Amino acid sequence: MGIGNVLSNDKRGMIELGAEKKVGWDEVTHGMVLHSFEDDATNISSQKAEDRNYAQFNSYVATVASWRVVKPVYNRDICIDCQNCWVYCPDTSIISRDKQMLGIDYDHCKGCGVCVEVCPTNPKSLLMFAELHNLEDAIASWPEKKKKEEN
Amino acid sequence: MAITSTKNLKEFSTANDRFEGAHLLCPGCAHSMIVRELMNCTDDNLVIATNTGCLEVSTAVYPYTSWDTSWIHIGFENAATAAAGAEAMYKARKRKGTLKNPDAPVKFVAFGGDGSTYDIGFQWLSGAVERGHDFTYICLDNENYANTGGQRSSSTPIGANTTTAPAGRVSYGKKENKKDMMAIMAANGAHYVAQVAPNKWKNMAQAFQKALATEGPCYINAISACTTEWKFDSKDTIHVSDLATDSLVFPLYEIIDGHELNITYRPKNVIPVRDYLAAQGRFRHLFKPENEHVIEEWQKRVDANWERLQRREEARV
Ligand SMILES: Cc1ncc(C[n+]2csc(CCOP(=O)(O)OP(=O)(O)O)c2C)c(N)n1
Ligand code: SF4
Ligand code: SF4
Ligand code: SF4
Ligand SMILES: [Mg+2]
């Protein structure tokens, strides 16, 4: 293991305690370590999320979906895979693989609307809808291309 | 191992995120855009120290962590101290041969808010830079103590309405000018200093990569538009950041070894400071007739500062 383990070889680690019993926040002691992964974390930068062994303490396994009142909907037909939405999403919620935008991670998206604002296509390939709006209806109601205003 | 490329956005998007979702920062918070990009623009192992502020409290809410790297949670004034201590220990253990994996590349990074950087952690940051630790300090500069409800810091600009410098009948808000941390850190001996903004993602990635590659202490001032305290809609974080860089209220530039100043972004169309201010609720009161002079003076300061930066760039001193 790499440097990660140098800093986390404390045997009071959360995993060890956590396996025995659930540790309350007020039982956390100095030097305690919360592990992000169940196993070796050395090569994490070369692993995609779906190949990682996330620990129960990684916020990846949690959700903030209940924060949303509006949600972005993605329309693949218009997308040019520019990745603007990927780079600016503050919640790691745009799923891109092999230079392609695949969709939205609704477990982590908070519905901020940034991705819609930065999408350059006409019409946009991402639009905000009410959280409870049906996805197919949303796609069916997609606006037409906006014409350039005549000078 | 995937080699991160920031050549263009498509290449960059193949980076495997190491800053995880379901942290509790506000929707549209620029802090997370900056942190995500730092962690995406390198494949190296990272040891990151973060002191108290929005970033720390929102990414380590027990029992969760949003960090896929070694991450140290530390008191308000001590991001620089913690990173410096970890770096010193790493070097010592490397020398003694007690590291399990001595060849694994590792970088030390500290994140602090402007409250901790410009004010409360200032002497600790200055000390760590003076001692020459090999680390990169990144200030998430949202120009206020956001985590405790928007108090003024020495980074808050003139005219902003904050809870401890409120605008009202007798005051237009904060009266004192923003501290120039770029100049201070360059003078303090930081080997590389840069001002970056998340809307200019490539410029920011290049500055991060330069800082990580530079041996010795580096300082990055990252403008972090704060939807809650600057008072704009969460969807507009990138728009407001564009106004910040294109009005030259936040010019993007770097200073190498304390003297070589390079402007790293020149807006094609410079927009009036007024447009930047108008997009944010914290400056709404400045548009009253009796406060208009604050906007005019601000425009003059921005023009003079841009002139100064260009001269410094030419002069190479
Ligand atoms: C020594 C100390 N003083 C005060 C506080 C309370 N406090 C916690 S976060 C915070 C504001 C942080 O502001 P900043 O550093 O600008 O970060 P931001 O939240 O704006 O990102 C304050 C005052 C503290 N935790 N420790
Ligand atoms: S709405 Fe915000 S959080 Fe959701 S995917 Fe878009 S940018 Fe990300
Ligand atoms: S910003 Fe729009 S066009 Fe670009 S990848 Fe995202 S959805 Fe597709
Ligand atoms: S208050 Fe501002 S800095 Fe803090 S989480 Fe919200 S948007 Fe981000
Ligand atoms: Mg702040």
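Use the structure listed above.
This structure is a prediction, so every number in the text was calculated from the model and none was measured.

Conventions adopted
- As a convention, each chain's residues are numbered from 1 in the sequence order in which they are written.
- Ligands are numbered from 1 and chains lettered from A, in the order in which they are written.
- At least 70 in pLDDT is required for a residue's local features to be given in this predicted model, at least 80 for side-chain atom pairs to be given and counted, and no such filter applies to totals for whole chains, interfaces and linings, which use all residues.
- The side-chain quantities take in all heavy atoms of the structure and omit both hydrogens and water.
- Fitting a line to C-alpha atoms yields each axis, with helices limited to the stretch in contact; the angle taken between N-to-C directions then spans 0 to 180 degrees.
- The secondary structure listing takes helices from DSSP runs of H or I that are at least 4 residues long and strands from runs of E that are at least 2 residues long, numbered from the N terminus.
- Here the angle decides the label: under 35 degrees means roughly parallel, over 145 means roughly antiparallel, 65 to 115 means roughly perpendicular, and every other value means oblique.
- The handedness criterion is simple: a crossing whose near helix is rotated anticlockwise from the far helix by less than a right angle is left-handed, and one whose near helix is rotated clockwise is right-handed.
- Here a residue-residue contact requires only that any non-hydrogen atoms of the pair lie within 4.5 Å.
- The nonpolar class holds Ala, Val, Leu, Ile, Met, Phe, Trp, Tyr, Cys and Pro. Asp, Glu, Lys and Arg form the charged class, and all remaining residues, Gly among them, are polar.
- Throughout this description, buried means an accessible area under 20% of the type-specific maximum (1.4 Å probe, protein chains only), exposed means over 50%, and partly exposed covers the range between.
- By definition, two strands form a pair when at least two bridges between them are found by DSSP.
- Orient the strands so they point away from the viewer, and a crossover whose first-strand-to-second-strand path over the helix runs clockwise is right-handed.

K.L.:
Help me understand the packing of helix α2 (residues 30–40) of chain B against helix α8 (residues 201–213) of chain B in this model?
P.N.:
For any two helices packed against each other, the geometry is given by the interaxial angle and the distance between the axes. Residue and element names in this part refer to chain B. Following both chains from N to C, one finds α2 and α8 inclined at 55 degrees, their axes separated by 10 Å at the closest point. Considering the angle they form, α2 stands oblique to α8. Here α2 runs over α8; the crossing is right-handed. Where α2 abuts α8, its residues Met33, Ile34, Glu37 and Leu38 lie against Trp201, Met204, Ala205, Phe208 and Leu212. For the contact of α2 with α8, the residue count by class is 8 nonpolar, no polar and 1 charged.

K.L.:
Honestly, the pairing of strand β1 (residues 45–51) of chain B in this entry has me stumped. Any pointers?
P.N.:
The side chains of a regular strand alternate, first on one face of the sheet and then on the other. All names here are of chain B. For β1, the buried fraction is high: 7 of the 7 residues fall into the buried class. The two faces of β1 match: Asn45, Val47, Ala49 and Asn51 on one face and Leu46, Ile48 and Thr50 on the other face are all buried. For β1 and strand β3 (residues 106–113), the ladder comprises 6 bridges, and the chain directions are parallel. Each residue of the ladder has a partner; that of Thr50, found in β3, is Phe111. Strand direction decides the pairing type here: β1 and strand β2 (residues 70–74), joined by 5 bridges, are parallel. The residue bridging Ala49 from the neighbouring strand is Ile72, located in β2. As a crossover connection, the stretch from β1 through helix α3 (residues 54–59) into β2 is right-handed.

Read these as layout, nothing more, since geometry by itself doesn't imply function.
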